[in-house]
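Residue-level structure breakdown
So the chains spell out like this:
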Amino acid sequence: MAKLIIEGGRPLKGQITVHGAKNAALPILAAAMLIPEPVRITNCPRLTDVENMAGILQALGCRVDWVEDGLLIDAGSARTAELPEVLAGSIRSSVFLLGPLLGRFGAAEAPFPGGCDIGNRPVDLHLKGFRAMGVKVDEASGRIRCLGRPRGGTEIALEYPSVGATENLLMAACGAEEDTVLVNPAREPEIDDLMAFLNGAGFDLKREGSSRIRVRGGRRGHSTSHVILPDRIETGTYLVAAAITGGHVLIRGGRKEHLSALLMTLREAGCRIRIEGTDLDVEGPERPRELRRLVTLPYPGFPTDMQSQVFALCTVAKGTSVLEENVFENRFCHGAELKRMGADCYVRGRTAVIRGVKGLRGAQVTAHDLRGGAALALAGLRAEGITVVNRAERIDRGYAKFAATLRDVGAAIRREDD
Ligand code: EPZ
């Protein structure tokens, strides 16, 4: 287990270059299973979730090698469609392998997915979509068994634009002989990056407006190489790090078009943000302004993966902020931890009310999930005294070299591993 020890009170200064996106890398690694030839995936972040996904691919018989800043994957040697129990149970994204295995072998078996507990996180929409493609799906004794090659020639309407269900069904549809149309798919940029990877490998996926995606049938995958898009959540987290410390940081390599909702929110909070190409120059206010009402929504709405970090920012705002979490039902665990640092906030169901205080004080706190953990570290950068963030290994799931990156811009932060 790991912990972060942070001495707060220093405005961050300097520049940060962002890594490739975790939430694009994970489905793209799974999609490699659809292609019986070598693929090269670069700008791939070295994160524990990515390492675990690579481990699952190896257990399925793929050759996986880290090269420079990426991975070389050859799924030509894959022979089984049954995911290893322990490894697959360790990351929720293992469920992303069901679609490609069905598309490639017409069979897939996996344990029900694990992951961080920000909500119940059912996979009913994934399985409903597979059934609509003519796949036989059994759910028994904690395992999902799928049998039958996905049949195209169907339109599948998603009740909710789930990111994971969209990705899984697109990958399954790549193995069908006829076209498949997905209605009400998710619009997150990571989905477009997955589609770009698959199109580079010879498949044919296209958005038809914002509410449909067509997957042409009868295609076979071939060798390709792909550069993963920058991580908008990592970019956003470092923007908030500058904001909460009243610092001035240049973030390089981000994509402003993927950050519109967040940039608007940070400007509302009093940040000065200048953008030139992929450079985002942010200056935080001495004390942020409150956010009257912030609601999380599927993309292009305000991302739920930035809610915790902005929650931390609101704890030191001039007034009272109201946050509504609409995507996950249990994503305010950081609230109770921030209270240990002197925050004045309360949570009722999916709403949090945060009365800004003049200052936070260092304390012992625990990361209950990935983004919540990052938010506690940001609060520690602002707080007076020493903050210890326990279970910091949960932050490793989504941030490469988190402590070192913050240290490079002047943070007094160090990591201890047991
Ligand atoms: C992806 O999770 C991301 N993970 C999450 O990021 C992100 O928070 C989420 O999308 C929303 O943007 C990856 O890409 C690996 P969903 P996913 O399916 O696919 C419900 C992070 O911090 N739902 O869009 O699980 C579900 O319970 C992580 O990087 C069903 O009810 O998200 C949730 O309430 C955390 N049935 C909502 O939809 C289903 O079959 C959104 O889930 C599927 C989802």
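Quick note: structure is the one above.
Not measured: the values here are computed from a predicted model. For every chain, the first residue of the written sequence is number 1, and numbering continues from 1 along that sequence. Local features in this predicted model are restricted to residues of pLDDT 70 or higher, and side-chain atom pairs are both shown and tallied only at a pLDDT of 80 or more, whereas totals for entire chains, interfaces and linings draw on every residue. For side-chain calculations, the full set of non-hydrogen atoms in the structure is used, while hydrogens and water are omitted.

Topic: the site of the ligand
We define proximity as follows: a residue is near a molecule or strand when any one of its heavy atoms falls within 4 Å of that partner. In the vicinity of the ligand lie 23 residues, with Asp124, Ser162, Asp305, Val327 and Arg371 positioned nearest. Polar contacts here mean pairs of N or O atoms no more than 3.5 Å apart (in protein, one a potential hydrogen donor and the other a potential acceptor; neighbouring residues in sequence count only if both atoms are side-chain atoms). With respect to the ligand, the backbone of proline 122 contributes an N or O atom lying 3.4 Å from an oxygen atom. Contact with the protein chains removes 89% of the 830 Å² of surface that the ligand exposes when unbound. Helix and strand assignments come from DSSP, with helices taken as H or I runs of at least 4 residues and strands as E runs of at least 2, each series counted from the N terminus. At the level of secondary structure, the elements contributing two or more residues to the shell around the ligand comprise helix H1 (22-31), helix H5 (124-132), helix H6 (163-173) and helix H12 (370-382). Broken down by element, the shell around the ligand gets its largest block of residues, three residues, from H5. Residue polarity follows a fixed list, in which Ala, Val, Leu, Ile, Met, Phe, Trp, Tyr, Cys and Pro are nonpolar, Asp, Glu, Lys and Arg are charged, and the others, Gly among them, are polar. Grouping the constituent residues of the shell around the ligand by class yields 10 nonpolar, six polar and seven charged. In these tables, accessible area is a Shrake-Rupley quantity obtained with a 1.4 Å probe, and a residue counts as shielded only by the protein chains included in the view.

Here we look at the pattern of salt bridges
Salt bridges, as used here, are contacts in which a Lys or Arg side-chain nitrogen is within 4 Å of a carboxyl oxygen on Asp or Glu. Per the counting criterion, the structure on display carries 35 salt bridges. Between glutamate 109 and arginine 143 there is a salt bridge, with the nearest N and O atoms lying 2.9 Å from each other. Of the two residues, glutamate 109 is situated in strand S6 (residues 107-111) and arginine 143 in strand S8 (residues 143-147); the sequence distance between them amounts to 34 residues. Throughout, exposure labels follow a simple rule: accessible area from a 1.4 Å probe, protein chains only, divided by the maximum for the residue type, with under 20% read as buried, over 50% as exposed, and the rest as partly exposed. A relative accessible area of 16% places glutamate 109 in the buried class. With a closest N to O distance of 2.7 Å, arginine 214 and glutamate 208 form a salt bridge. Overlapping salt bridges, with partners in common, bring together Glu155, Asp179, Asp204, Lys206, Glu208, Arg212, Arg214, Arg216 and Arg219 in one network.

Description of the sheet that holds strand S13 (residues 224-227)
One open sheet accounts for four strands, arranged S4-S5-S3-S13; its pairing is mixed. Where the open sheet ends on each side, the last strands, each with one partner, are strand S4 (63-67) and S13. Between one strand axis and the next, the sheet turns by 15 degrees as a mean value, whatever way the strands run. As paired elements, strand S3 (residues 38-42) and strand S5 (residues 70-74) share five bridges and run antiparallel to each other. Bridged to isoleucine 41 within S5 is leucine 71. Packing against the sheet, helix H2 (residues 48-59) makes contact with S4 and S5, and its axis sits at approximately 145 degrees to S4. Strands were regarded as paired on the criterion that DSSP finds at least two bridges between them. In this analysis an axis means a line fitted to C-alpha atoms, helices contributing only their contacting stretch, and an angle means the value between N-to-C directions, from 0 to 180 degrees. Residue contacts are counted whenever heavy atoms from the two residues lie within 4.5 Å of one another.

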